[in-house]
Amino acid sequence: MGGVLPTLLLILAGVLVGGAVSLHRQGATRGAVVVTAVLAVLATAGGVLWLLPGEG
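Colleague: Tell me about the environment of Leu 9, residues and numbers included.
Modeller: If you trace the backbone, Leu 9 turns up in helix 1 (residues 4–26). Residues Leu 9 and Arg 30, 21 residues apart in the sequence, show an inter-C-alpha distance of 24 Å. Setting aside its immediate chain neighbours within four residues, Leu 9 contacts Ala 43, Gly 46 and Gly 47.

Colleague: Give a description of the side chain of Thr 36 that names residues and reports values.
Modeller: For Thr 36, the location among the structural elements is in helix 2 (residues 30–51). Those residues in contact with Thr 36 that sit more than four places away from it in its chain are Leu 16, Gly 19, Ala 20 and Leu 23.

Colleague: Help me get a handle on the UniProt feature "transmembrane region" (unreviewed entry) in the protein, residues and values and all.
Modeller: In the numbering adopted here, UniProt assigns the feature "transmembrane region" (unreviewed entry) to residues 32–52. The span residues 32–52 carries 95% helix and 0% strand; its end-to-end C-alpha distance comes to 31 Å.

Colleague: An account of the packing of helix 1 against helix 2 is needed here, citing residue identities and associated values.
Modeller: Contact geometry of helix 1 with helix 2 gives a least axis separation of 8 Å together with a crossing angle of 160°. Considered as vectors, helix 1 and helix 2 are oriented roughly antiparallel to each other. Both helix 1 and helix 2 take part in a crossing whose hand is left-handed. Grouping the constituent residues of the contact of helix 1 with helix 2 by class yields 19 nonpolar, six polar and no charged.

Rules and cut-offs
- Residues take numbers from 1 onward in each chain, read along the sequence in its written order.
- With pLDDT at 70 or above as the cut-off, local features in this predicted model cover only qualifying residues; side-chain atom pairs require 80 or more to be listed or tallied, and sums for whole chains, interfaces and linings still use all residues.
- Think of the side-chain values as coming from all heavy atoms in the structure, minus any hydrogens and water.
- Under the DSSP-based scheme used, a helix requires at least four consecutive residues in state H or I and a strand at least two consecutive residues in state E, with every element numbered from the N terminus.
- Only heavy atoms enter the contact rule, under which two residues are in contact if any of them lie within 4.5 Å.
- UniProt positions are given in the numbering used here, feature names are shortened, and annotations may be inferred rather than shown by experiment.
- Here, axes are lines fitted to C-alpha atoms. For helices the fit covers the stretch in contact, and angles between N-to-C directions go from 0 to 180 degrees.
- Comment on the angle field: the value is read as roughly parallel under 35 degrees, roughly antiparallel over 145, roughly perpendicular from 65 to 115, and oblique elsewhere.
- Should the near helix be turned counterclockwise from the far one by less than a right angle, the crossing is left-handed, whereas a clockwise turn marks it as right-handed.
- Lys, Arg, Asp and Glu make up the charged group, whereas Ala, Val, Leu, Ile, Met, Phe, Trp, Tyr, Cys and Pro make up the nonpolar group; the residues left over, Gly among them, are polar.

Here it is in structure tokens:
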């Protein structure tokens, strides 16, 4: 399961980025777009950091 979780996090990040772009194009409130974008950044960071070599 070492490679499954980061892959799922990066897929989730892609879906969230698409959602943020879609929300922005539809004229959603700034707060909704920012929250979605922040979640996308966190999912991306989590997926990338999980793939970095380290102890274990």
